[in-house]
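Examination of the molecular architecture
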Amino acid sequence: MDSVDEYRNGVTEFLSNFMQRTPQDGESAGDPLANIDFSAPKVAKMSLEKLAATLDAELYEREWFVTGNVNPIYFSDDFQFQDPDVKLTGIEEYARGVLKLFDQDTSRAQIISTVVNTTTPNTITVTWRLSGGVNIGPGLTIKPYICYTDFTV
């Protein structure tokens, strides 16, 4: 993933050399994210509760944690993503990295809940179930497991 600012895990950095993004069955060779306007104007400020409900609906429909099919109107221009393995800057870089990493035929991000976090200020926590596969080498299967993602607003 060329857009990674920092690898935090040597194994992940090594394995990233084996990620291949080729069109899946039924997918054209075109850019699946071509219809996303990454420079779209940002949404007007809203309450955390309303934002959580809006994100819940969008995540449920678009499964952007595995598809990369994000809606950039919710993300600042200096958006940062980090997990235990990687850190990157920019919503387009995040979307393209997700698209490249996950097998689009099998991967799912099933949203369980999207709520305002009551212990961390200005944070929305998404609980979701990840399953499917990743595009590393010949492909690796992911046994379903629960993930937690925090959005800091």
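Overview of the structure. (Residues numbered from 1 in each chain as written. Predicted model: local features only at pLDDT ≥ 70, side-chain atom pairs only at ≥ 80, totals over all residues. Heavy atoms only, no water.)

**Considerations on the overall build of the protein chain**
Along the protein chain, the regular secondary structure elements total four helices and six strands. Each helix and strand of the protein chain, placed in order from N terminus to C terminus, yields the pattern β-α-α-α-β-β-α-β-β-β. Taken across its 153 residues, the protein chain has 39% of its residues classed as buried. Residue pairs at least 24 apart in sequence account for 62% of intrachain contacts in the protein chain once pairs closer than 6 positions are excluded. Split by element, the accessible area of the protein chain, about 9,000 Å² in all, is 51% carbon and sulfur. (Helix = DSSP H or I, 4+ residues; strand = E, 2+ residues; numbered from the N terminus. Buried < 20%, exposed > 50% of the residue type's maximum accessible area, 1.4 Å probe, protein only. Contact = heavy atoms within 4.5 Å. Areas by Shrake-Rupley, 256 points an atom, 1.4 Å probe, with all protein chains shown as cover.)

**What about the pairing of strand S4 (residues 108-116)?**
Of the pairings in the sheet, the one linking S4 to strand S5 (residues 123-134) comprises eight bridges and is antiparallel in character. From the neighbouring strand, Thr114 faces S5, where its bridge partner is Val126. The turn joining S4 and S5, which pair antiparallel and follow one another in sequence, is formed by six residues; a positive phi near 55 degrees is taken by Asn122. (Pairing = 2+ DSSP bridges.)

**A look at helix H4 (residues 91-101)**
Looking only at H4, the buried set comprises Ile91, Tyr94, Ala95, Gly97, Val98 and Leu99. Buried-residue contacts for H4 involve helix H3 (64-67), strand S2 (80-82) and strand S3 (86-89).

**Describing the nonpolar core**
One finds Leu55, Leu59, Trp64, Phe65, Tyr94, Trp128 and Phe151 to be the most contacted residues of the largest nonpolar core, which totals 33 residues. Among residues more than four places away in sequence, those in contact with Phe151 are Leu55, Leu59, Trp64, Phe65, Phe75, Asn122, Thr123, Ile124 and Val126. (Core = buried A, V, L, I, M, F, W, Y, C linked by side-chain atoms within 4.5 Å.)

**Details of the pairing of S3**
Side chains of S3 alternate between two faces, with Val86 and Leu88 buried and Lys87 and Thr89 left unburied. One ladder, built from three bridges, connects S2 with S3; its direction is antiparallel. If you follow Gln82 over to S3, its bridge partner there is Lys87.

**Here's the deal with the sheet that holds strand S6 (residues 140-152)**
The strand order across the open sheet built from three strands is S4-S5-S6, with neighbouring strands paired in antiparallel fashion. The sheet terminates laterally at S4 and S6, the two strands that pair on one side only. Pairs of neighbouring strands in the sheet enclose a mean axial angle of 10 degrees, with direction left out of account. Here S5 runs beside S6; their pairing, made up of eleven bridges, is antiparallel. Directly across from Thr123, in S6, lies its bridge partner Thr152. In this fold helix H2 (residues 48-62) packs onto S4, S5 and S6, with an angle of close to 175 degrees to the strand it touches most, S4. (Axes fitted to C-alpha atoms, helices over the stretch in contact; angles between N-to-C directions.)

**Some words on unusual backbone geometry**
Despite not being glycine, Glu63 has its phi angle at roughly 45 degrees, a positive value. Tracing the chain through its elements places Glu63 in the loop between H2 and H3. The exposure class of Glu63 is buried, given its relative accessible area of 14%. Located in the positive-phi region is Asn122, a residue other than glycine, with phi close to 55 degrees. Examined against the element boundaries, Asn122 turns out to sit in the loop between S4 and S5.

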